[in-house]
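Breakdown of the fold
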Amino acid sequence: CGAWIVSVYKRRPFVFELRDLWPESIRVVGAMKDSFALDMLEKLELFLYRRADRIISVTHAFKRNLIKRGINGDKIKVVTNGVDSSRFMPQKRDEQLVRQLGLEGKFVGGYIGTHGLAHALETLLDAAKMAQDEGDDSLAFVFLGDGAKKAELKNRTAELALKNVHFVDSVAKDQVPRYWALLDVAIIHLRRTPLFETVIPSKLFECMGMGIPVLHGVAGESAEIVETEGVGIPFVPEDAAALLASMRKLQQDKQLYKTFRDNGLLAAKKYDRNMLALSMLKALRRIRVLMLNQ
């Protein structure tokens, strides 16, 4: 709202960068019940879309959503998230961290990011329990980050007496690649709901840059990227058995694992942030040209 007000006062273009569909996300995760307040937020959302001279959407699905709701598609430009190639690149495991977390000799699957209402990380705990109940001690699960559900997840881990699950508190931004490098496979996961079929988790591109194969529990546009680029295995969200089966497949099939790793490093070049920034700059300059011609 502040940006729109300033754009009017300064007589400058108003650009809306669309990274999530609010307030719909609030409804989906159950953070608020349907109410007059949410209805008003949705009216404000549409008001700002209509007033924007340009909308930069991070997914094609978001663009389709807006067009369906009456927003002019000609002013919507898709520029996806990407990877900072100067930070996220292949690196060796930190053996000190390996020993500290007790990961010696383990095939490690990990989740790095927010432990929130939208992520249904209980699915990962269920997969860990299945492996432990079957007597498989070759697998380990690492959780790095914080969020509204972290305490609950840690409590459930203790209740289930899971010895193959390790929690790490949030670390400084420049330390994150060091923890990515601990993982044999990265697990990306969101709740099973139509809204999340429209999102592309940015960590997918970081995994590509690091050369880490992905187990992708998010349906929709992001799963299509995983399949098209050949960087991992999509599985049905909230299906712990499918997650565990996919993790074991990559543990056992060394050639497939290498293919996903190599493909990820190649795909990362398409999503380099420098190239994406140039695409966004081109879209912004186009607004200036159009306004000068009016």
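Thresholds applied
- Residues numbered from 1 in each chain as written.
- Predicted model: local features only at pLDDT ≥ 70, side-chain atom pairs only at ≥ 80, totals over all residues.
- Heavy atoms only, no water.
- Pairing = 2+ DSSP bridges.
- Helix = DSSP H or I, 4+ residues; strand = E, 2+ residues; numbered from the N terminus.
- Axes fitted to C-alpha atoms, helices over the stretch in contact; angles between N-to-C directions.
- Salt bridge = Lys/Arg side-chain N within 4 Å of Asp/Glu carboxyl O.
- Buried < 20%, exposed > 50% of the residue type's maximum accessible area, 1.4 Å probe, protein only.
- Phe/Tyr/Trp six-rings, centres within 6.5 Å; stacked < 30°, edge-to-face > 60°.
- Contact = heavy atoms within 4.5 Å.
- Right-handed = clockwise from strand over helix to strand, strands pointing away.
- Core = buried A, V, L, I, M, F, W, Y, C linked by side-chain atoms within 4.5 Å.
- Parallel < 35°, antiparallel > 145°, perpendicular 65-115°, else oblique.
- Nonpolar A, V, L, I, M, F, W, Y, C, P; charged D, E, K, R; others polar.

Examining the sheet that holds strand β5 (residues 139–144)
Within a sheet, neighbouring strands are paired by backbone hydrogen bonds and run either parallel or antiparallel to one another. Read across the open sheet, the six strands follow the order β6-β5-β4-β7-β8-β9; overall the sheet is parallel. Each having just a single partner strand, β6 (165–168) and β9 (232–234) make up the two edges of the open sheet. Direction aside, the axes of adjacent strands within the sheet are offset by 20° on average. Inspection of the sheet shows strand β4 (residues 107–112) paired to strand β7 (residues 185–189) by two bridges, in the parallel sense. Bridge pairing links G109 to V185 in β7.

Examining the pattern of salt bridges
Pairing is possible between side chains that carry opposite charge, provided their charged atoms lie close to one another. Applying the stated criterion across every chain yields a total of 13 salt bridges. Among the ionic pairs, K129 bridges to D133, the shortest N-O distance being 2.7 Å. With K129 and D133 both in helix α6 (residues 122–133), this residue pair falls four residues apart, about one helical turn. Residue classification places D133 among the exposed residues on the basis of a relative accessible area of 54%.

Considerations on the packing of aromatic side chains
The tally for this structure, following the rule as stated, stands at five aromatic pairs. With centroids separated by 4.9 Å and ring planes inclined at 90°, the aromatic side chains of W4 and F47 adopt a geometry described as edge-to-face. Taken as a pair, W4 in helix α1 (residues 2–10) and F47 in helix α3 (residues 36–51) lie far apart in primary sequence, 43 residues in all. A relative accessible area of 25% means that W4 is categorised as partly exposed. You can call F47 partly exposed: its relative accessible area is 26%. Ring geometry for F16 versus Y49: centroids 5.1 Å apart, planes at 65°, classification edge-to-face. In this pair, F16 sits in strand β1 (residues 15–18) while Y49 sits in helix α3, placing the two residues 33 residues apart along the sequence. Like F16, the residue Y49 is buried in the burial classification.

Section: the sheet that holds strand β2 (residues 54–57)
Across the sheet, which stays open at both edges, the three strands sit in the order β1-β2-β3 with parallel pairing between neighbours. Each having just a single partner strand, β1 and β3 (76–78) make up the two edges of the open sheet. Neighbouring strand axes in the sheet, compared pairwise and without regard to direction, differ in orientation by 20° on average. Sheet topology places β1 next to β2; four bridges connect them, and they run parallel. In the sheet register, E17 faces β2, and the bridge partner there is I56. Relative to the sheet, helix α4 (residues 60–68) contacts β1, β2 and β3, its axis offset from that of β3 by approximately 165°.

Observations regarding the environment of E45
Mapped onto the elements of the fold, E45 is located in helix α3. We classify E45 as buried; its relative accessible area is 7%. The spacing of E45 and L21 is 24 residues in sequence and 9.0 Å in space, taken between C-alpha atoms. When near neighbours in sequence (up to four residues on either side) are disregarded, E45 contacts L21, W22, P23 and R69.

Section: unusual backbone geometry
Backbone geometry at A120 places phi at a positive 50°, although glycine is not the residue there. Of note, E238 is a non-glycine position whose phi angle comes to about 70°, a positive value.

A few points about the pairing of strand β8 (residues 214–217)
The alternating pattern of β8 places V214 and H216 on one face and L215 and G217 on the opposite face, and all of these are buried. Bridge count for β7 against β8 is four bridges, and the pairing is parallel. Residue I188 lies in a different strand from β8, and its bridge partner there is H216. Taking the sense of rotation as the criterion, the β-α-β connection linking β7, helix α9 (residues 203–210) and β8 turns out right-handed.

Examining the nonpolar core
Ranked by internal contacts, the top residues of the largest apolar core, which has 54 residues, are Y49, I55, W180, L204 and M208. Among the elements that line this core, the one with the most residues is α9, at five residues.

Some remarks on the packing of helix α11 (residues 240–252) against helix α12 (residues 254–270)
Running from amino to carboxyl end, α11 crosses α12 at an angle of 100°, the nearest separation of the two axes being 5 Å. In this view, α11 runs roughly perpendicular relative to α12, as classed from their interaxial angle. Contacts between α11 and α12 pair K249, L250, Q251 and Q252 from the former with K254, L256, Y257 and F260 from the latter. Per-class residue counts for the contact of α11 with α12 are four nonpolar, two polar and two charged.

These values are about where atoms sit, not about what they do.
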